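If you want the building blocks of each chain, they are given just below.
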Amino acid sequence: MSHTLLSFGHGYSAQALTRLLLPQGWTVIGTTRSADKATDLAQSGVTAMVFPGDDLSDAIASASHLLISAGPDAEGDPVLRHYRDQIAASQFEWVGYLSTTGVYGDHNGGWVDETAPLTPATRRGQWRQAAEAAWQAIPNLPLHIFRLAGIYGPGRGPFAKVRAGTARRIIKDGQVFSRTHVEDIAQIVAASIARPNPGGIYNVCDDDPAPPQDVIAYAAELLDLPLPPAENFEAAEMTPMARSFYAESKKVRNDRIKTELGVRLLYPTYRDGLAALLAQEEAGFQTR
């Protein structure tokens, strides 16, 4: 039986999922925000469309599975703004919404699981909470919500800044983050597609929440470069966006992806993930 995934906001995580699905014979329709990006996307085997812009009614009607990565804004979820009624009337086998662990807000470094109250401290987290609720309000939609921790992977790691000498170890007492490798996001979403549980909510993160300065320090160690300088959070010059990430401190539990979906993480700690990234980079450098 053929499957078609319609992916709104076909970015970094959705593209990783596509690399698992296309070899299995899936058709993937992915949206991006510009015609130039759509051209790049089409080269990866995806049927690329522009959203907002193109009429996606036929794509919605033909899709068996729906993935939402497009982020909300102050006016709400952009996909629901344009296509809520048609989505509500469709018969999808599976719908996935990529959210963020930011919906949990600040827990002073404590642990949270999927049952924790949603008390987002940032505007982006509040938008995500509202978007989750809007998707959950659609009757009989086979919705699965994935709350993603900080994402890293190929092209998104600390090595470039450490090599350039621009990396900083920002120190804030008690600060701890959870994170996840993009390949683990892909395998977790794929596992949910294979084992649907409508209404399911899953934290997507590794087993090792850690202070951000430890990750930078380990990257420097792997590269055999000097330890980047430590800066006190209060005194450090940072963009408002960067500073907002420090408004929340928590450790995120990931038991449900293991017990319900049978997932075994490819990169259970940031050390595993960074070491693998560096090995991949070096292999790439050697083949040029």
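Structure's up top.
Scope of this entry: the structure provided in the associated data block. (Residues numbered from 1 in each chain as written. Predicted model: local features only at pLDDT ≥ 70, side-chain atom pairs only at ≥ 80, totals over all residues. Heavy atoms only, no water.)

1. A look at the overall build of the protein
Check the secondary structure of the protein and you find 11 helices and 13 strands. The C-alpha atoms of the protein give 19 Å as radius of gyration, which agrees with the globular expectation for 288 residues (19 Å, within 12%). Principal-axis analysis of the C-alpha atoms places the extent of the protein at approximately 55 × 50 × 35 Å. The burial tally for the protein puts 50% of its 288 residues in the buried class. Long-range pairs, those at least 24 residues apart, make up 79% of the contacts in the protein with a sequence separation of at least 6. For the protein, the accessible area works out to roughly 13700 Å², and carbon and sulfur atoms hold 50% of it. One finds the centroid of the 26 positive side-chain charges in the protein at a distance of 3 Å from the centroid of its 32 negative side-chain charges. (Helix = DSSP H or I, 4+ residues; strand = E, 2+ residues; numbered from the N terminus. Rg over C-alpha atoms; globule rule 2.2 N^0.38 Å. Buried < 20%, exposed > 50% of the residue type's maximum accessible area, 1.4 Å probe, protein only. Contact = heavy atoms within 4.5 Å. Areas by Shrake-Rupley, 256 points an atom, 1.4 Å probe, with all protein chains shown as cover. Lys, Arg positive; Asp, Glu negative; His and termini not counted. Charge placed at Lys NZ, Arg CZ, Asp CG, Glu CD.)

2. Observations regarding the pattern of salt bridges
Per the stated rule, a full pass over the model turns up eight salt bridges. Note that Arg168 is salt-bridged to Glu231, the shortest N-O span being 3.2 Å. Of the two residues, Arg168 is situated in the loop between helix H6 (159–164) and strand E9 (169–171) and Glu231 in strand E12 (residues 230–232); the sequence distance between them amounts to 63 residues. Note on Glu231: relative accessible area 24%, which makes it partly exposed. Glu260 serves as the salt-bridge partner of Arg256, at 3.8 Å between the closest nitrogen and oxygen. Residue classification places Glu260 among the partly exposed residues on the basis of a relative accessible area of 31%. (Salt bridge = Lys/Arg side-chain N within 4 Å of Asp/Glu carboxyl O.)

3. A closer look at the packing of aromatic side chains
This model, assessed by the stated rule, comprises nine aromatic pairs. Here Phe8 and Phe51 contribute two aromatic rings whose centre-to-centre distance is 5.1 Å and whose plane-to-plane angle is 80 degrees, an arrangement assigned as edge-to-face. Here Phe8, found in strand E1 (residues 4–8), pairs with Phe51, found in the loop between strand E3 (47–50) and helix H3 (57–62); they are 43 residues apart in sequence, far enough to count as distant. Residue Phe51 is classed as buried on the basis of its relative accessible area of 5%. (Phe/Tyr/Trp six-rings, centres within 6.5 Å; stacked < 30°, edge-to-face > 60°.)

4. A look at helix H8 (residues 212–223)
Here H8 contains 12 residues, and its C-alpha end-to-end distance of 17 Å stays within 8% of the 16 Å for a straight helix at 1.5 Å per residue. Pro212, Gln213, Val215, Ile216, Tyr218, Ala219, Ala220 and Leu223 are the residues of H8 that are buried. A positive backbone phi angle near 60 degrees is found at Asp224, which sits one or two residues after H8. (Expected span 1.5 Å × (residues − 1).)

5. Focus: the side chain of Asn203
Here Asn203 shows up in strand E11 (residues 201–204). One polar contact links the side chain of Asn203 to the main-chain carbonyl oxygen of Arg253, over a distance of 3.0 Å. (Polar contact = N/O pair within 3.5 Å; in protein donor to acceptor, adjacent residues only side chain to side chain.)

6. Side note on helix H4 (residues 78–89)
Under the 1.5 Å per step criterion, the end-to-end length of H4 is 18 Å for 12 residues, consistent within 8% with the ideal 16 Å. Listed in full, the buried residues belonging to H4 are Pro78, Val79, Leu80, Tyr83 and Ile87. Down the axis of H4, the buried side of the element spans an arc of 135 degrees, and every buried residue falls inside it. Among the exposed residues of H4, those oriented more than 90 degrees off its buried face are Asp85 and Ala89. (Arc of directions from axis to C-beta.)

7. Notes on the environment of Glu75
For Glu75, the position within the fold is in the loop between strand E4 (65–68) and H4. When its relative accessible area of 62% is taken as the criterion, Glu75 is described as exposed.

8. So, the pairing of E11
Residue alternation in E11 divides its side chains into two sets, Ile201 and Asn203 and Tyr202 and Val204, and both sets are buried. Examined bridge by bridge, strand E7 (residues 143–148) and E11 share four bridges and lie parallel to one another. Bridge pairing in E11 places Leu148 opposite Val204. (Pairing = 2+ DSSP bridges.)

9. Describing the sheet that holds E11
Spatial ordering of the open sheet is given by E3-E2-E1-E4-E5-E7-E11, a layout of seven strands whose pairing is parallel. Since the sheet does not close on itself, it has two edges, and those belong to E3 and E11, each with one partner. When strand polarity is set aside, the average angle formed by the axes of neighbouring strands in this sheet is 20 degrees. Sheet analysis places E1 next to E4, joined by four bridges and oriented parallel. Along E4, the bridge assignment pairs Phe8 with Ile68. Its contacts with the sheet place helix H5 (residues 123–136) against E4, strand E5 (94–100), E7 and E11, and it is angled at close to 165 degrees to E5. (Axes fitted to C-alpha atoms, helices over the stretch in contact; angles between N-to-C directions.)

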